[in-house]
Amino acid sequence: MSTTKGLEGIVAAESKISSIIDDTLTYVGYNIDDLTNNASFEEIIYLLWHTRLPKADELAELKQQLADNMDVPAAIYDLFKSMPLNTVHPMAALRTAVSLLGTFDEEADVMETEANYRKAIRLQAKIATVVTAFSRIRKGLEPIAPKPELGYAANFLYMLSGEEPEAIAIEAFDKALILHADHELNASTFTARVCVATLSDVYSGVTAAIGALKGPLHGGANEQVMKMLSEIGSIDNVESYIQGKLDNKEKIMGFGHRVYRKGDPRAPHLREMSQKLTALTGKPELYEMSVKIHDMIVEQKGLPANVDFFSASVYDSLGIEHDLFTPIFAVSRTSGWVAHILEQYANNRLIRPRAEYVGPGMQKYVPINER
Ligand SMILES: CC(=O)SCCNC(=O)CCNC(=O)[C@H](O)C(C)(C)COP(=O)(O)OP(=O)(O)OC[C@H]1O[C@@H](n2cnc3c(N)ncnc32)[C@H](O)[C@@H]1OP(=O)(O)O
Ligand SMILES: O=C([O-])CC(=O)C(=O)O
């Protein structure tokens with residue numbers, strides 16, 4: 001047996017949902033640039049779940065269904081109030097809340113395709129409420145009910161702040177949701193597929209995926225990028241800070257990727273938004289610092305920015321708390337996780353690889369008093 005560390009280059013599933021070929025990302029064959037420039041997040045949800053773009057009435061129906069299902073059981077609020085709110089990370093709170101949501105879904109263990117779509121809608125709708133309610137409850141504020149007339153992105157921002165967002169904020173957030181929605185067999189999506197390949201339920205798959213996304217080598221990197229930008233503080237400190245990290249052989253969050261070599265095609269969209277939004281909010285230095293870091297890492301390590309690098313300054317410009325960056329990634333990626341879960345169910349086989357044993361040879365049990 002031979003092993004490939006981190007399963008690099010191993011093709012572990014067939015999928016019709018998204019592809020990364022020669023650094024080009026597509027959802028169901030549509031280039032990510034085309035989708036980001038023209039579609040809405042709700043259209044992307046439909047595209048990923050049905051592997052085709054919706055017609056107008058189908059999109060209207062999905063929007064209505066999402067708006068109608070955003071309420072969450074009061075137990076979710078009670079759960080948050082029972083947590084150590086000064087210390088709990090919102091990703092840990094989200095992971096626990098999604099698991100709890102599953103206990104309230106009477107169809108949780110119904111495995112029929114239609115029931116799985118209904119659960120998908122409920123989960124995609126409710127996860128926006130869960131993240132925004134957590135943010136408000138830990139600040140001692142009441143959760144805010146969604147406005148049915150607002151789209152998904154606008155509702156998220158509204159439920160977070162209590163104020164209807166401006167058009168430019170809605171547009172940027174919608175694009176960010178599109179850009180994070182799916183990404184082939186990334187670690188959290190693979191986790192979801194492994195989980196449900198045992199014929200476990202949708203909520204278990206998404207709960208497991210949230211756990212995988214939380215780590216700083218994956219979705220957790222966006223929060224770490226913001227932490228780094230805050231620590232650097234001003235453009236004059238970039239060079240010494242980054243050089244110090246590189247000399248110490250530390251990883252710079254938001255750079256590098258297992259699959260992309262020339263660059264992550266999502267990053268230029270976020271970079272453009274970062275430039276626009278930081279200028280508008282009077283914090284252009286955040287963008288300038290990001291560019292300086294970017295240029296140093298490209299020059300010295302040859303590593304381009306990934307999706308997490310410029311998303312940090314975008315979310316910060318939208319006034320979003322830094323530890324909510326990864327939960328927002330999860331809100332968007334739920335659409336992709338669910339698409340992969342449905343695809344896994346449709347052509348399932350248990351996922352069970354082998355390990356090459358490298359421990360000691362056969363040993364004889366030694367009684368405890370003889371060790
Ligand atoms: C949504 C997402 O998940 S996007 C990724 C988000 N994660 C990050 O931004 C965290 C920082 N980046 C990384 O840790 C990595 O690039 C990963 C996890 C994304 C990819 O990891 P892998 O494909 O396993 O690459 P690996 O970690 O083996 O790195 C290969 C080499 O590049 C270096 N390298 C990779 N990323 C970085 C980085 N961000 N900063 C500095 N050096 C890096 C490694 O130190 C290693 O060098 P070496 O061969 O001299 O030891
Ligand atoms: O694909 C990956 O390994 C990580 C990533 O960029 C994503 O999940 O969006």
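Note that the structure is predicted; figures quoted are calculated from it, not measured.

Close contact between helix H8 (residues 167–180) and helix H15 (residues 307–317) brings their axes to 12 Å; oriented N to C, the two are set at 160 degrees. In terms of their interaxial angle, H8 and H15 are classed as roughly antiparallel. Considering how the two elements wind past one another, H8 and H15 form a crossing that is left-handed. For the pair H8 and H15, the contacting residues are Phe173, Ala176 and His180 in the first and Val307, Ser311 and Tyr315 in the second. Across the contact of H8 with H15, the residue classes break down as four nonpolar, two polar and no charged.

What follows concerns the sheet that holds strand E2 (residues 24–27). With respect to topology, three strands assemble into an open sheet ordered E1-E2-E3, the strand pairing being antiparallel. Since the sheet does not close on itself, it has two edges, and those belong to strand E1 (18–21) and strand E3 (30–31), each with one partner. Relative to E3, E2 is paired through two bridges, and the arrangement is antiparallel. Pairing of Tyr27 across the sheet is with Tyr30, part of E3.

This part covers empty space enclosed by the protein. For the coordinates displayed, the defined rule picks out one cavity of 30 Å³ or more. There is about 40 Å³ of room inside the largest cavity. Phe80, Pro90, Ala93, Leu94, Val130, Val131, Phe134, Leu324 and Pro327 together form the lining of the largest cavity. Of all the elements in the fold, those that place two or more residues in the lining of the largest cavity are helix H5 (90–104) and helix H6 (113–138). Here the residues of the lining of the largest cavity sort into nine nonpolar, no polar and no charged.

Here we take up the site of ligand 1. If you check the shell around ligand 1, you find 19 residues, and the closest are His218, Lys251, Ile252, Gly254 and Arg258. Between a nitrogen atom of ligand 1 and a main-chain N or O atom of Leu217, the distance comes to 2.9 Å. Between ligand 1 and Ile252 there is a distance of 2.7 Å, counted from a nitrogen atom to a backbone nitrogen or oxygen. Compared with its free state, where it exposes 910 Å², ligand 1 has 66% of that area covered by protein. The cavity that encloses ligand 1 is the largest pocket. Split by residue class, the shell around ligand 1 holds nine nonpolar, five polar and five charged.

The rules behind each value
- Residues numbered from 1 in each chain as written.
- Chains lettered and ligands numbered in written order.
- Predicted model: local features only at pLDDT ≥ 70, side-chain atom pairs only at ≥ 80, totals over all residues.
- Heavy atoms only, no water.
- Axes fitted to C-alpha atoms, helices over the stretch in contact; angles between N-to-C directions.
- Helix = DSSP H or I, 4+ residues; strand = E, 2+ residues; numbered from the N terminus.
- Parallel < 35°, antiparallel > 145°, perpendicular 65-115°, else oblique.
- Left-handed = near helix turned anticlockwise from the far one by under 90°.
- Contact = heavy atoms within 4.5 Å.
- Nonpolar A, V, L, I, M, F, W, Y, C, P; charged D, E, K, R; others polar.
- Pairing = 2+ DSSP bridges.
- 1 Å grid on protein atoms, 1.4 Å probe; cavity = no way out; pocket = protein on both sides within 12 Å on 5 of 7 lines; lining within 4 Å.
- Points joined across faces, edges and corners; volume = space filled by probe spheres on them.
- Near = heavy atom within 4 Å.
- Polar contact = N/O pair within 3.5 Å; in protein donor to acceptor, adjacent residues only side chain to side chain.
- Areas by Shrake-Rupley, 256 points an atom, 1.4 Å probe, with all protein chains shown as cover.
- Sits in = over half its atoms within 2 Å of the grid points.

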